[in-house]
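Structure assessment
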Amino acid sequence: MLPYAPWLIWIIPIASSLFVPVIAYLGGKSREYFSVIVGVIATIFAFSIVPDVYFSILEKSDFIFPWIPSLGVGVGVFVDPLSVLFANLAAFFSLVVLIYSVGYMAEEKNLTYYYFFMLLFMGSMIGLVTSDNFLQMFIFWEIVGLCSYSLVSFWHHRPEAVRAGVKVFLMTRVGDVCFLAAIGLLYASLGSFSFPYIMAHIKEVPIPTLTVIAYLMLAGAIAKSAQLPLHTWLYSAMEAPTSVSALLHGATMVKAGVYLIARLFTLLGPIVTLIPMWLHCVAWVGALSAFIGATLALYTPDIKGVPAYSTISQIGFMFAALGAASSPSSLGWFAALFHMISHAFFQGLGFLAIGGIIH
């Protein structure tokens, strides 16, 4: 891989977002081209890690810098096949949408605001899936929520867009509170947020405590991925520009819940089967969301509402597959991630096609 690639794939977009207002003073399409160039660089760095993981040169690695020594918390990146897969998807689709936005958003005002949050989202989403520990992951988890709220409310002169942004923000915060409670409980049990430490010592956590943690994290994943009963925010989020819908609510951000559940499998290992009814709950939430989402998609007359409800349904299939899994090496786990890849392509491109039709 390229030097320091696991760090630079998320640091470059986040740092570059701060320069968007400065670049905008150059006039013309400078901020648009600047954002696309940043997307290209981040994507190249992301792709460069794939051969190392694929050929087991870097099968699982952890790079840490001290952050809060008193709590034993560092800033780090955790490189394994799961994080590299999600990082590449987030980087690639961010690049595609940034290129699309050059034409699609050309006549819009306040584009400095738009590209600032698009780059911030890109870096934060990649940072979320490559985080070394739960605290760092939660910080990025909240930043992508902020970006979602800000971009859904992009047309702030329209009251319905502002209301949609507030709805998205408040409904996803319900899950975030549960996720934060789970992280706090896990830290109280093990004294660490670190993924490698949790993997090594998870057997020390009593099953009743682990059960509460797992269900709280499931609640966080349900809210972030718009699953029943916290699914209605995704349709409201269609008030955003179609390019935003393609990136945040079609290809990447709503997959954060899927990533969290998949990551739990890698952290807990065989212990995941000992949590009472947890896998059954994951499967049933997914199955019911798949059915209800598809039914609502048949009903809605809104061209953007169809892929919104379809996204709820398709992510439901991913949850159902994870609920049918028993370990990271099982077919259910593989099926969920395989469908996650295919869905990112067909739903992301579907939104972009719909944007052309609306235009």
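What follows deals with the nonpolar core. Core analysis: the largest hydrophobic core is formed by 126 residues, its most contacted members being F134 and W278. In this view, W278 contacts A214, Y215, L218, I261, L264, F265 and V272; residues no more than four positions away in its chain are not counted.

Along the chain, S48 turns up in helix α3 (residues 30-54). Polar contacts involving the side chain of S48 include one to the main-chain carbonyl oxygen of F45, which spans 2.6 Å. The residues contacting S48, other than those within four sequence positions of it, are M1, L2 and A5.

Counting across every chain of the model gives 24 aromatic pairs. Between W7 and W10, the aromatic rings sit 5.9 Å apart at their centres with planes inclined by 40°, giving tilted as the arrangement. Here the residue W7 and the residue W10 both occupy positions in helix α1 (residues 5-17), the gap between them amounting to 3 residues, near one helical turn. Taking 5.0 Å as the distance between ring centres and 10° as the angle between the ring planes, the aromatic pair formed by Y235 and Y309 counts as stacked. Placement of the pair is Y235 in helix α10 (residues 232-236) and Y309 in helix α14 (residues 305-323), with a sequence separation of 74 residues. Put simply, the rings of Y113, Y114, Y115, F116, F117, F154 and W155 touch in pairs and so form one group of aromatic residues. The side chain of R173 reaches across the aromatic face of F169, ending 4.4 Å from its centre.

Rules and cut-offs
- Residues numbered from 1 in each chain as written.
- Predicted model: local features only at pLDDT ≥ 70, side-chain atom pairs only at ≥ 80, totals over all residues.
- Heavy atoms only, no water.
- Core = buried A, V, L, I, M, F, W, Y, C linked by side-chain atoms within 4.5 Å.
- Buried < 20%, exposed > 50% of the residue type's maximum accessible area, 1.4 Å probe, protein only.
- Contact = heavy atoms within 4.5 Å.
- Helix = DSSP H or I, 4+ residues; strand = E, 2+ residues; numbered from the N terminus.
- Polar contact = N/O pair within 3.5 Å; in protein donor to acceptor, adjacent residues only side chain to side chain.
- Phe/Tyr/Trp six-rings, centres within 6.5 Å; stacked < 30°, edge-to-face > 60°.
- Lys NZ or Arg CZ within 6 Å of the ring centre and 35° of its normal.

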